[in-house]
Amino acid sequence: MSDIVIPKNYKSQLNLYETQVAIKTVKDFFQGLLAERLHLLRVSAPLFVDPTSGLNDNLNGVERPVNFHIAAQGDREAEIVQYSGQMEAFMPCRKYGFQPGEGLYTDMSAIRQDEETDNIHSIYVDQWDWEKIITKEERNLETLKETVRTVYKVLRKTEKYMSIHYDYIEEILPHDIFFVTTSELAEMFPDYSPKEREYYIAKQKRCLHHADR
């Protein structure tokens with residue numbers, strides 16, 4: 001079921017050609033800076049897999065993978081990958097001889113025919129995923145937080161870069177990222193659902209500039 005909302009009197013600031021240029025611009029800048037800051041190598045993700053391999057994520061257990069048959073292999077069945085996490089099974093870091101602090105990332109394309117579409121969800125998936133090697137001593141909350149801070153800084157720099165190139169883009173991301181646990185959210189907003197708690201904490205931290213207009 002589609003739940004796409006187009007604001008009244010909405011008009012794109014870019015034509016079709018300019019939109020494609022903008023998409024490439026933001027993707028190139030973001031993934032290049034992310035790879036630099038996290039010491040990642042780009043690798044290609046598989047587009048399809050053998051359905052008997054057990055490698056295709058069935059997401060919530062209900063969604064059906066898109067499949068087809070390969071004539072050159074005796075009409076062998078294949079499935080379109082649904083989730084970029086499958087790259088961990090195909091291309092684990094250990095295969096590349098990476099050292100601690102190094103890793104890989106991929107920009108995956110996929111199709112999810114049962115996806116509930118809205119303004120940010122489509123049956124076509126264009127998704128990044130990455131992984132890197134860390135030591136046993138680094139497997140802690142502080143390492144996780146520091147990694148999140150690094151990714152967030154890349155997002156902010158990408159936002160700034162795009163705002164310079166496109167006058168109509170505003171810088172709206174807060175300067176610093178805020179951490180909160182599920183239990184802390186439950187204490188702060190006991191009368192709301194988990195999704196509503198996320199909304200209200202984001203609103204409280206001024207992360208919903210456009211949603212409030």
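The structure presented is a predicted model; accordingly, all values stated were derived computationally and were not measured.

(A) Inspection of the pairing of strand β3 (residues 67–70) at higher detail. Relative to strand β4 (residues 76–80), β3 is paired through 4 bridges, and the arrangement is antiparallel. Among the inter-strand pairings, F68 is bridged to a residue of β4, identified as A78. Counting the residues between successive antiparallel strands, the hairpin from β3 to β4 contains 5 residues, one of them, G74, with a positive phi of roughly 65°.

(B) Just the environment of V148, in detail. As for its placement among the helices and strands, V148 is situated in helix α3 (residues 141–165). Non-local contacts of V148, meaning those with residues more than four positions away in its chain, are made with I177 and F179.

(C) Representation of the sheet that holds strand β6 (residues 124–132) in the model. An order of β1-β5-β6 is seen for the 3 strands of this open sheet, with the pairing classed as mixed. The two strands at the open ends of the sheet, each matched to only one other strand, are β1 (40–42) and β6. Geometrically, the sheet is characterised by an average inter-axis angle of 30° between neighbouring strands, direction not taken into account.

(D) Region of the structure containing the pattern of salt bridges. Under the defined criterion, the tally for this structure stands at 9 salt bridges. A salt bridge links R37 to E36; the nearest nitrogen and oxygen atoms lie 3.9 Å apart. The salt bridge partner of K160 is E171, with a shortest N-O separation of 3.4 Å. Highlighted residues: K160 in helix α3 and E171 in the loop between α3 and α4 (182–188), separated in sequence by 11 residues. Classification of K160 as partly exposed rests on a relative accessible area of 42%.

(E) Seen up close, the packing of helix α1 (residues 16–38) against α3. Put simply, α1 and α3 touch, their axes get as near as 10 Å, and they point 150° apart. Regarding α1 and α3, the two cross each other, and that crossing is right-handed. Contacts between α1 and α3 pair A22, T25, V26, F29, F30, L33, L34, R37 and L38 from the former with T147, T150, V151, V154, L155, K157, T158, Y161 and M162 from the latter. For the contact of α1 with α3, the residue count by class is 12 nonpolar, 4 polar and 2 charged.

About the thresholds
Residues numbered from 1 in each chain as written. Predicted model: local features only at pLDDT ≥ 70, side-chain atom pairs only at ≥ 80, totals over all residues. Heavy atoms only, no water. Pairing = 2+ DSSP bridges. Helix = DSSP H or I, 4+ residues; strand = E, 2+ residues; numbered from the N terminus. Contact = heavy atoms within 4.5 Å. Axes fitted to C-alpha atoms, helices over the stretch in contact; angles between N-to-C directions. Salt bridge = Lys/Arg side-chain N within 4 Å of Asp/Glu carboxyl O. Buried < 20%, exposed > 50% of the residue type's maximum accessible area, 1.4 Å probe, protein only. Left-handed = near helix turned anticlockwise from the far one by under 90°. Nonpolar A, V, L, I, M, F, W, Y, C, P; charged D, E, K, R; others polar.

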